[in-house]
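For reference, the chains in residue letters:
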Amino acid sequence: MSTERRWNGWGEPDVTSDVSPSSAALLQQLIGPGTSPRDATLPEVLAGLPASRLAAGTAASDRLTLDPEARVRHARGQSLPDWIALRSGRLPAVPDAVARPQTSADVRSLLTVATERSWRLIPFGGGTSVVGGVSVRPSDRPVVSVDMTALSGLRAFDARSSLATFGAGTLGPAVEAALAEHGLELGHAPQSFEFSTVGGWVATRSSGQASMGVGRIEALFAGGHLESPAGPLDLPPFPASAAGPDLRELVLGSEGRLGFLTEVIVRATPQPARDVIR
């Protein structure tokens, strides 16, 4: 397993931020002295992990991992209740397995298997949800967390329309780096930018710091490809249409309930001559 991300909190393990002495004194004055709780260690949490309900041979044949650390790292998001659960070591449930599809066909195959075997699937992009979107809850059926980050990278680019197609698991910095090579940017900058994915932005109807300009994802989402239990759904990047409902609106903010976004088409804009942060 990679250790690039904290297993029980935000960001990278070697990046820390301490409360200044003056702030600590103010907090003590306002709420009294505090005692730091003891965080559960990862080995302690792994030792108390329940066994997966999926047989090892079955999981391997379906390209799933039962690795205990992978299951813990995909059990919760990044909300305060998630952090408390992880740091206390009290996890009411963890996924039985983690899947890492690399293509839309992999996702389609996983959906077929899950339907046949009554598995519950949870889309997992960057794992930055603060509303419980990726958190595993107790279930009478096996739960598989589907890590989408292998479906990444710039898949297609149309210079004339500035439409760019990305794998849904592409992280924010990679999106902007790919567009910068064409003198463009997306301009979507949520607080989770470093660790969240373009597919996650669409699925959560994400709003960035530049929302008053070009920052809201619904204004940037032009189309894409979704794999659902009922079959695939292609969303062509029509500029405008008066012919019935806009199916993109069903996908925006759906939190993965309709299926798995595997590709996202976004509208890029020219990079500004000067970027001023106020």
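Going by the structure above, here's the rest.
Not measured: the values here are computed from a predicted model.

Asks: Would you explain the sheet that holds strand β1 (residues 64–65) in this entry?
Replies: Where strands meet in a sheet, backbone hydrogen bonds hold them as pairs that are either parallel or antiparallel. Judged by pairing direction, the sheet is mixed, and its four strands sit side by side in the order β1-β2-β4-β3 without closing on themselves. The open sheet has two edge strands, β1 and β3 (120–124), and neither has a second partner. Where β1 meets strand β2 (residues 97–99), two bridges bridge the pair, whose relative direction is antiparallel. Along β2, the bridge assignment pairs Leu-64 with Ala-99. Lying on the sheet, helix α6 (residues 104–117) is in contact with β1, β2, β3 and β4 (143–147); it crosses β3 at an angle near 150°.

Asks: Is there a simple way to explain helix α7 (residues 172–180) in this structure?
Replies: Residue pairs three or four apart in sequence face the same way in an α-helix, which turns once every 3.6 residues. Taken together, the buried positions of α7 are Gly-172, Val-175, Glu-176, Ala-178 and Leu-179. The buried residues of α7 occupy one face: seen down the axis, they fall within an arc of 160°. Here the buried face of α7 lies against β5 (154–158), β6 (163–167), β7 (184–185) and α8 (198–203).

Asks: Sorry if this is basic, but what is going on with the nonpolar core here?
Replies: Note that soluble globular proteins tend to have their nonpolar side chains buried in a common cluster. In this structure, Phe-166, Leu-179, Val-202 and Val-264 are the most contacted members of the largest nonpolar core, which totals 22 residues. Those elements that place two or more of their residues in this core are β6, α7, α8, α10 (217–220), β8 (221–228) and β10 (260–267). Setting aside its immediate chain neighbours within four residues, Val-202 contacts Ile-217, Phe-221, Val-251, Leu-252, Gly-253, Leu-261 and Val-264. Of all hydrophobic cores here, the second largest spans 17 residues; its members include Ala-97, Val-146, Met-148 and Phe-260.

Cut-offs used in this document
- Residues numbered from 1 in each chain as written.
- Predicted model: local features only at pLDDT ≥ 70, side-chain atom pairs only at ≥ 80, totals over all residues.
- Heavy atoms only, no water.
- Pairing = 2+ DSSP bridges.
- Helix = DSSP H or I, 4+ residues; strand = E, 2+ residues; numbered from the N terminus.
- Contact = heavy atoms within 4.5 Å.
- Axes fitted to C-alpha atoms, helices over the stretch in contact; angles between N-to-C directions.
- Buried < 20%, exposed > 50% of the residue type's maximum accessible area, 1.4 Å probe, protein only.
- Arc of directions from axis to C-beta.
- Core = buried A, V, L, I, M, F, W, Y, C linked by side-chain atoms within 4.5 Å.

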